[in-house]
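So you can see what is in the structure, the chains are spelled out below.
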Amino acid sequence: MSDTSTEVYALRYATRPNCMTSEAFYRHDLYGETDTPVGMDYFFWLIRSQGQTVVVDCGFNENVGPTRNRWISTTPSELLSRMGVDPKAVDHVVLSHMHFDHVGNTHLFPNATFHMSRAEYEYWTGRHRDVPAFSWPVESDEVRLLESLRREERLELVDESGEVGTSGARITRYAGHTPGQVVTDIDIDHKKVLLAADAVHYYDEIRRKRPFYLFTDLEQMLDSYDSLRLLDERPDVDVIPGHDPAVSAGYVEVDKDCFDLTTPLVALPRDVVDADPVNG
Ligand SMILES: [Zn+2]
């Protein structure tokens, strides 16, 4: 359904401008290119649609970040306040996957229903959860918090895809980065915005077939890239990568670190973006 009043924002709570290409992409040495800073932005997303407020992911926790050498520049609460959102009034929170930088602030949303994929939930709560080499990208306390939300019937699990309440947003599983990574899509006027989160961290993953360095199944991740590339090539779909500085460079900043994903700054031809993912 199309709804001209639908709002979609990327909210940037942290940034690592010195993140190198070789840190971001798997086997960057294979490309025979000089290693340069690609940067990494940390976002979560806000959708207002059909009278519902939906938050997609909630960033890493302020106390957890420093233990992983990650630093919040603006708290998620402050960013939501800039957008006039009281976290207590958020109806739904989509958790794209369980990595620590996506699920660290679920406590901010006491009245929300949470949504994630069954495959994701079962993987991180499963039989290998206590093996550090398996579980290092997630925080055990945060996994336990999600288990308590599940017991309280506040966490809904989808298999392949599902609706996010009555907001009009949908989630669909694109596995590979993790087993249950989901992408959130929402229709705006004449277009679909597809919040890829970590199914696509950078445009280069789908446009230049360069896999991100971290995955649970490389073949699945490449299959997901192929599907998402077909969507990215459509003029009526905007695929929004989860960590690419090109997003903050490419959309109108309505308040500091708050980017309106319904309003691209310039409709750049795709090959310009391809040539320069940092500044494109
Ligand atoms: Zn991730």
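Going by the structure above, here's the rest.
Described in the following lines is the structure provided in the data block. Nothing here was measured: the structure is a model prediction, and the numbers come from that model.

Description of the overall build of the chain
Consideration 1: Scanning the chain from terminus to terminus reveals nine helices and 13 strands.
Consideration 2: At 17 Å, the chain has a C-alpha radius of gyration in line with the 19 Å of a compact globule built from 280 residues.
Consideration 3: Counting only C-alpha atoms, the chain reaches 50 × 45 × 35 Å along its principal axes.
Consideration 4: When the 280 residues of the chain are sorted by exposure, 55% land in the buried category.
Consideration 5: Summed over its atoms, the accessible surface of the chain is roughly 12100 Å², and 49% of this surface lies on carbon and sulfur atoms.
Consideration 6: Both charge centroids of the chain, one from 27 positive and one from 48 negative side chains, sit 2 Å from each other.

Focus: the pattern of salt bridges
Consideration 1: Taken as a whole and judged by the stated rule, the model has 24 salt bridges.
Consideration 2: In this structure, the salt-bridge partner of Lys 192 is Asp 187, at a minimum N-O distance of 3.0 Å.
Consideration 3: Using a relative accessible area of 14% as the deciding quantity, one classes Asp 187 as buried.
Consideration 4: In the salt-bridge network here, residues are joined through shared partners; they are Arg 12, Asp 41, Lys 256 and Asp 257.

Brief notes about the sheet that holds strand E8 (residues 170-173)
Consideration 1: An order of E7-E8-E9-E10-E11 is seen for the five strands of this open sheet, with the pairing classed as mixed. For this open sheet the edge positions go to strand E7 (161-163) and strand E11 (237-241), each flanked by a neighbour on one side alone. Direction aside, neighbouring strands of the sheet carry axes that sit 20 degrees apart on average.
Consideration 2: The sheet contact formed by E8 and strand E9 (residues 182-188) spans four bridges and is antiparallel. Across the sheet, residue Ile 171 finds its bridge partner in E9, namely Thr 184.

Notes on helix H5 (residues 140-151)
An α-helical turn contains 3.6 residues, so any two residues separated by three or four positions project in the same direction.
Consideration 1: For H5, spanning 12 residues, the distance from its first C-alpha to its last is 17 Å, which sits close to the expected 16 Å at 1.5 Å a residue.
Consideration 2: All buried positions along H5 are accounted for by Glu 142, Val 143, Leu 146, Glu 147, Ser 148 and Leu 149.
Consideration 3: Packing partners of the buried residues in H5 comprise strand E5 (113-117), helix H3 (118-124) and strand E6 (155-158).
Consideration 4: In the segment just after H5, Glu 153 is the residue with positive phi, at about 60 degrees.

Overview of the coordination of the zinc ion
Consideration 1: Listed as protein donors to the zinc ion are His 97 (NE2), His 99 (ND1), His 177 (NE2) and Asp 198 (OD); their distances from the metal cover 2.2 Å.
Consideration 2: Coordination geometry of the zinc ion: the four donor atoms subtend angles of 87 to 168 degrees at the metal centre, consistent with an arrangement described as irregular.
Consideration 3: Read from N- to C-terminus, the donor residues coordinating the zinc ion fall into the pattern H-x1-H-x77-H-x20-D. In this pair, His 97 sits in the loop between strand E4 (92-94) and E5 while Asp 198 sits in the loop between strand E10 (191-197) and helix H6 (203-207), placing the two residues 101 residues apart along the sequence. An identical accessibility class is assigned to His 97 and Asp 198; each is buried.

Some remarks on the packing of aromatic side chains
Consideration 1: This structure, assessed with the given rule, holds 13 aromatic pairs.
Consideration 2: Ring geometry for Phe 212 versus Tyr 213: centroids 4.9 Å apart, planes at 50 degrees, classification tilted.
Consideration 3: Residue class for Phe 212 comes out buried when judged on its relative accessible area of 3%.
Consideration 4: What makes Tyr 213 partly exposed here is its relative accessible area of 37%.
Consideration 5: Members of the aromatic cluster, each reached through a chain of ring pairs, are Tyr 13, Tyr 42, Phe 44, Phe 60 and Phe 100.
Consideration 6: The ring of Phe 100 has Arg 68 lying over it, and the distance from NZ or CZ to the ring centre is 4.2 Å.

Brief notes about the nonpolar core
Consideration 1: If you look at the biggest cluster of nonpolar residues, it comprises 82 residues, and the most contacted ones within it are Leu 11, Trp 45, Phe 109, Leu 195, Leu 228 and Leu 261.
Consideration 2: Considering each element in turn, this core owes the most residues, seven residues, to strand E2 (residues 40-49).

A short note on the sheet that holds E2
Two pairing modes exist for strands in a sheet, parallel and antiparallel, and in both the strands are linked by backbone hydrogen bonds.
Consideration 1: Across the sheet, eight strands lie side by side as E6-E5-E4-E3-E2-E1-E13-E12; this open sheet has mixed pairing. Across the chains shown, the open sheet's two edge strands, defined by having one partner strand only, are E6 and strand E12 (251-255). The sheet shows a mean angle of 30 degrees between the axes of neighbouring strands, taken without regard to direction.
Consideration 2: Two elements, E2 and strand E3 (residues 52-56), share five bridges in a ladder whose sense is antiparallel. For Arg 48, the partnering residue across the bridge sits in E3 and is Thr 53.
Consideration 3: Here H5 sits on the sheet in contact with E5 and E6, set at roughly 95 degrees to E6.

What counts, and where the lines are drawn
- Along each chain, the written sequence defines residue order, and numbers are assigned to residues from 1.
- Whole-chain, interface and lining totals are the exception, using all residues; otherwise, since this is a predicted model, local features are given only for residues with pLDDT of at least 70 and side-chain atom pairs are given and counted only at 80 or more.
- With hydrogens and water excluded, all non-hydrogen atoms of the structure serve as input to the side-chain values.
- Secondary structure elements are taken from DSSP: a helix is a run of H or I of four residues or more, a strand is a run of E of two residues or more, and numbering for both begins at the N terminus.
- Throughout, radius of gyration means the C-alpha value; the globule benchmark is 2.2 Å times the number of residues raised to the power 0.38.
- Exposure categories follow from relative accessible area, calculated using a 1.4 Å probe and restricted to protein chains: below 20% of the type maximum is buried, above 50% is exposed, and the middle band is partly exposed.
- Note on areas: Shrake-Rupley with a 1.4 Å probe; residue coverage comes only from the protein chains shown.
- His is not counted here, nor are the chain ends, while Lys and Arg score as positive and Asp and Glu score as negative.
- Where a charge lies is defined by one atom per residue type, namely NZ (Lys), CZ (Arg), CG (Asp) and CD (Glu).
- Counted as salt bridges are all cases of a side-chain nitrogen of Lys or Arg within 4 Å of a carboxyl oxygen of Asp or Glu.
- At least two DSSP bridges between two strands are needed for those strands to be called paired.
- Angular values range over 0 to 180 degrees, each being the angle between N-to-C directions of two axes fitted as lines to C-alpha atoms, with helices fitted over their stretch in contact.
- Given the number of residues in a helix, its expected span is that number minus one, multiplied by 1.5 Å.
- The criterion used for residue contact is that any of the two residues' heavy atoms lie within 4.5 Å.
- Distances up to 2.8 Å from the metal define which N, O and S atoms are donors, and 3.2 Å serves for Na, K and Ca; water is absent from the atom set, so sites may look incomplete.
- Irregular is the default label, applied whenever a site is not tetrahedral (four donors, all angles between 85 and 135 degrees) and neither square planar nor octahedral (four or six donors, opposite donors over 155 degrees apart, all other angles between 65 and 115).
- Two aromatic rings, drawn from Phe, Tyr or Trp (for Trp, its six-membered ring), form a pair once their centres lie within 6.5 Å of each other, and the interplanar angle then sorts them: stacked below 30 degrees, edge-to-face above 60, tilted otherwise.
- A ring is scored as having a charge over it whenever the NZ atom of a lysine or the CZ atom of an arginine sits within 6 Å of its centre and within 35 degrees of its normal.
- To define a nonpolar core, start from buried Ala, Val, Leu, Ile, Met, Phe, Trp, Tyr and Cys residues and group those joined through side-chain atoms within 4.5 Å.

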